[in-house]
Amino acid sequence: SSAATLELASGVYTNHYIESEYARNEDNSLVALSYRFDDSDWGLLGATFLNSFDVQTNAIAVTYSVFKYRAVEFEMIAGVMKGYTEWELNDKLCPFGEGVEYCLLIAPKLSLDVFTYKGITPKASVLIMGHAVIVTVGVSYKF
């Protein structure tokens, strides 16, 4: 049986891999808190960050661990975020209409556990959100 896990992560690097005529924010100031349920691949995530257009954005999502092997884990994140508009993303990720600041969050996440000591695990993760690659560092705690 596995214990519940709480993880706190901070964004340390962002790179937009598709060129744009608009300046993009590369310093996301991301802070994320996630909770993985006991004996489950499912979890909850809350995050706040400065999006590509320097707008404060908040997100809530569910997470699902697709694959875990030793120190490597691949997760999918799906939820809703407030801070983008349909013009900034597209109508597929912002289906709620023009001018509405709520859009869908869909992101794959690949994580590496550095080591574990007494339930505490430093982690490094890479997420792909839209046209950006985001690197985070954090710590998780199993209790």
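**Quick notes on empty space enclosed by the protein**
And then number 1: Under the definition given, this model contains one cavity of 30 Å³ or more.
And then number 2: In this structure, the largest cavity spans a volume of roughly 200 Å³.
And then number 3: Along its surface, the largest cavity is lined by 17 residues, and Leu30, Ala32, Leu45, Ile77 and Leu127 are the ones closest to its centre.
And then number 4: Sorting the residues of the lining of the largest cavity by element identifies β1 (5–16), β2 (31–36), β3 (42–50), β6 (102–113), β7 (120–129) and β8 (132–142) as the ones contributing at least two each.
And then number 5: Along the lines of polarity and charge, the residues of the lining of the largest cavity split into 13 nonpolar, two polar and two charged.

**Description of the sheet that holds β6**
And then number 1: The antiparallel closed barrel is built from eight strands, whose spatial order is β1-β2-β3-β4-β5-β6-β7-β8. On average, adjacent strands in this sheet sit at an angle of 25° to one another, irrespective of strand direction.
And then number 2: Pairing analysis gives eleven bridges linking strand β5 (residues 72–82) to β6, with the strands arranged antiparallel. Considered in β6, the bridge of Met76 is made with Pro108.

**Section: the nonpolar core**
And then number 1: Formed by 17 residues in total, the largest nonpolar core has its most connected members in Phe49, Ile77, Met81, Leu105 and Met129.
And then number 2: Leave out the neighbours within four places in its chain, and Phe49 touches Asn28, Ser29, Leu30, Val55, Gln56, Thr57, Met81, Tyr84 and Met129.

**Comments concerning the side chain of His16**
And then number 1: With respect to the helices and strands, His16 occurs in strand β1.
And then number 2: Accessibility expressed as a relative area gives 11% for His16, which makes it buried.
And then number 3: Within polar-contact distance, the side chain of His16 engages the side chain of Ser52 at 2.6 Å.
And then number 4: His16 has contacts with Arg24, Asn25, Glu26, Ser52, His131 and Ala132, leaving out every residue within four places of it along the chain.

**Remarks on unusual backbone geometry**
And then number 1: In this structure, Ser29 is a non-glycine residue whose phi angle is positive, near 45°.
And then number 2: Considering the arrangement of structural elements, one finds Ser29 in the loop between β1 and β2.
And then number 3: A relative accessible area of 39% places Ser29 in the partly exposed class.
And then number 4: The backbone phi angle of Arg70 is positive, close to 55°, even though this residue is not glycine.

**Side note on the environment of Leu104**
And then number 1: In this structure, Leu104 sits in strand β6.
And then number 2: Separated by 51 residues in sequence, Leu104 and Phe53 place their C-alpha atoms 17 Å apart.
And then number 3: Sequence-distant contacts of Leu104, defined by excluding residues within four places in its chain, comprise Gly79, Met81, Lys92, Leu93, Pro95 and Phe96.

**Quick word on the environment of Ala59**
And then number 1: The residue Ala59 is located in strand β4 (residues 56–69) in this model.
And then number 2: Through-space distance from the C-alpha of Ala59 to that of Leu45 is 7.8 Å; in sequence the pair is 14 residues apart.

**Describing the packing of aromatic side chains**
And then number 1: According to the stated counting rule, one finds five aromatic pairs in the structure shown.
And then number 2: When the centroid spacing of 6.3 Å and the interplanar angle of 45° are considered together, the rings of Tyr35 and Phe143 count as tilted. Residue Tyr35 is located in strand β2, and its partner Phe143 is located in the segment after β8; the two are separated by 108 residues in the primary sequence.
And then number 3: Relative accessible area serves as the criterion here: at 29%, Tyr35 is assigned to the partly exposed category.
And then number 4: With a centroid separation of 4.6 Å and an interplanar angle of 50°, the aromatic rings of Trp42 and Tyr64 are classed as tilted. Of this pair, Trp42 sits in strand β3 while Tyr64 sits in strand β4, and the two are 22 residues apart along the sequence.
And then number 5: Through a chain of ring-to-ring contacts, the aromatic side chains of Tyr35, Phe37, Tyr141 and Phe143 assemble into a single cluster.

The rules we used
- Residues numbered from 1 in each chain as written.
- Predicted model: local features only at pLDDT ≥ 70, side-chain atom pairs only at ≥ 80, totals over all residues.
- Heavy atoms only, no water.
- 1 Å grid on protein atoms, 1.4 Å probe; cavity = no way out; pocket = protein on both sides within 12 Å on 5 of 7 lines; lining within 4 Å.
- Points joined across faces, edges and corners; volume = space filled by probe spheres on them.
- Helix = DSSP H or I, 4+ residues; strand = E, 2+ residues; numbered from the N terminus.
- Nonpolar A, V, L, I, M, F, W, Y, C, P; charged D, E, K, R; others polar.
- Pairing = 2+ DSSP bridges.
- Axes fitted to C-alpha atoms, helices over the stretch in contact; angles between N-to-C directions.
- Core = buried A, V, L, I, M, F, W, Y, C linked by side-chain atoms within 4.5 Å.
- Buried < 20%, exposed > 50% of the residue type's maximum accessible area, 1.4 Å probe, protein only.
- Contact = heavy atoms within 4.5 Å.
- Polar contact = N/O pair within 3.5 Å; in protein donor to acceptor, adjacent residues only side chain to side chain.
- Phe/Tyr/Trp six-rings, centres within 6.5 Å; stacked < 30°, edge-to-face > 60°.

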